[in-house]
Amino acid sequence: TDEWLAAASKAIGLHQLYCGYSLGRPGAGITAAGLKHLAPLTKLYLLDLDSAVLEPGALTGLPDLPALDQLYVRKTPVADADLPHLLRFPRLMHLGLHHTAVTDKGMPTVARLPNLKQLHLDGTSVTDAGLDTLRACKKLEYLSVSGTKVSPAAVAEFRRALPRCEVNTAPHGD
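Conventions used here
Residues numbered from 1 in each chain as written. Predicted model: local features only at pLDDT ≥ 70, side-chain atom pairs only at ≥ 80, totals over all residues. Heavy atoms only, no water. Buried < 20%, exposed > 50% of the residue type's maximum accessible area, 1.4 Å probe, protein only. Helix = DSSP H or I, 4+ residues; strand = E, 2+ residues; numbered from the N terminus. Arc of directions from axis to C-beta. Contact = heavy atoms within 4.5 Å. Core = buried A, V, L, I, M, F, W, Y, C linked by side-chain atoms within 4.5 Å. Salt bridge = Lys/Arg side-chain N within 4 Å of Asp/Glu carboxyl O. 1 Å grid on protein atoms, 1.4 Å probe; cavity = no way out; pocket = protein on both sides within 12 Å on 5 of 7 lines; lining within 4 Å. Points joined across faces, edges and corners; volume = space filled by probe spheres on them. Pairing = 2+ DSSP bridges. Axes fitted to C-alpha atoms, helices over the stretch in contact; angles between N-to-C directions. Lys, Arg positive; Asp, Glu negative; His and termini not counted. Polar contact = N/O pair within 3.5 Å; in protein donor to acceptor, adjacent residues only side chain to side chain.

Re helix H5 (residues 152–161)
- When H5 is considered as a whole, its buried residues turn out to be Ala154, Val155 and Phe158. Angular distribution of buried residues about the axis of H5 spans 100°; they occupy a single face of the element. Facing away from the buried surface of H5 by more than 90 degrees, the exposed residues are Pro152, Ala153 and Arg160.
- Turning to H5, the residues buried within the fold contact helix H4 (128–133), strand E6 (142–144) and strand E7 (166–168).

Shown next, in the form of structure tokens:
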């Protein structure tokens, strides 16, 4: 909840914060205002919002977190319109967007993340066109597109364009 985020923000030296929702854990009803509470956490490098009950547009409240290099929003309502807010995190290397509402329309924004090394798009509506856009991610080392609309032919072409990037298409337990 937003109240829980306000309390967590007092842990100034915090490096990792897990806010995903599960029984007995916080994560329900997170808003943009709640995420703004994280501003004092300048050393935070990992923010995990997996399965959190985010209000629409909640990511607009993410403050500048200069150390943030890992963000996971799996199984949340995050959509293409939320992605431009991630450009404020130039250090972002790991991005988990699996089972979100992102589509091909959001991939040009993702491709602008200069240090992206690992990207999870499993269970999204990304297609061959979105995958083609991601060829601009020259630092990408791992990409997971299991359960998307990406064709085997597009994956093969992507692998030729970025041979150092491991591409996972196999289903796994998400």
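The discussion continues.
What to know about the nonpolar core
- The biggest cluster of nonpolar side chains holds 49 residues, and the ones touching the most others in it are Leu47, Leu49, Leu97, Leu119, Leu121 and Leu143.
- Where this core is concerned, the elements lending two or more residues are helix H1 (2–8), helix H3 (107–110) and H5.
- For this core, the leading source of residues is H5, giving 3 residues.
- Dropping the residues within four chain positions of it, Leu121 is found in contact with Leu97, His98, Val102, Met107, Val126, Leu134, Leu143, Ser144, Val145 and Thr148.

Structural notes on the pattern of salt bridges
- The tally for this structure, following the rule as stated, stands at 5 salt bridges.
- A salt bridge links Arg135 to Asp132, with the shortest nitrogen-to-oxygen separation between them at 2.6 Å.
- The partner of Arg135 in a salt bridge is Glu157, with the nearest N and O atoms 3.7 Å apart. Taken together, the residues Arg135 in the loop between H4 and E6 and Glu157 in helix H5 connect sequence positions 22 residues apart.
- On the basis of relative accessibility, which here comes to 26%, the residue Arg135 falls in the partly exposed class.
- If you follow the salt bridges from partner to partner, you end up with Asp132, Arg135, Glu157 and Arg160 in one network.

Remarks on empty space enclosed by the protein
- Within the structure shown, the criterion is met by 1 cavity of 30 Å³ or more.
- Considering only enclosed or pocket space, the largest cavity measures out at about 40 Å³ in volume.

Focus: the sheet that holds strand E1 (residues 16–18)
- Read across the open sheet, the 7 strands follow the order E1-E2-E3-E4-E5-E6-E7; overall the sheet is parallel. Looking along the sheet, the strands with just one partner apiece sit at the ends: E1 and E7. The average angle at which neighbouring strand axes cross in this sheet is 5°, direction not considered.

Here we look at the side chain of Asp80
- Residue placement: Asp80 occurs in the loop between strand E3 (70–72) and strand E4 (94–96).
- Within the buried set, Asp80 has no salt-bridge partner at all; the shortest N-O distance to an opposite charge, 5.7 Å, is to Lys105.
- Among the polar contacts listed, one links the side chain of Asp80 to the backbone nitrogen of Gly106, at a separation of 3.2 Å.
- Setting aside its immediate chain neighbours within four residues, Asp80 contacts Ala101, Val102, Thr103, Lys105 and Gly106.

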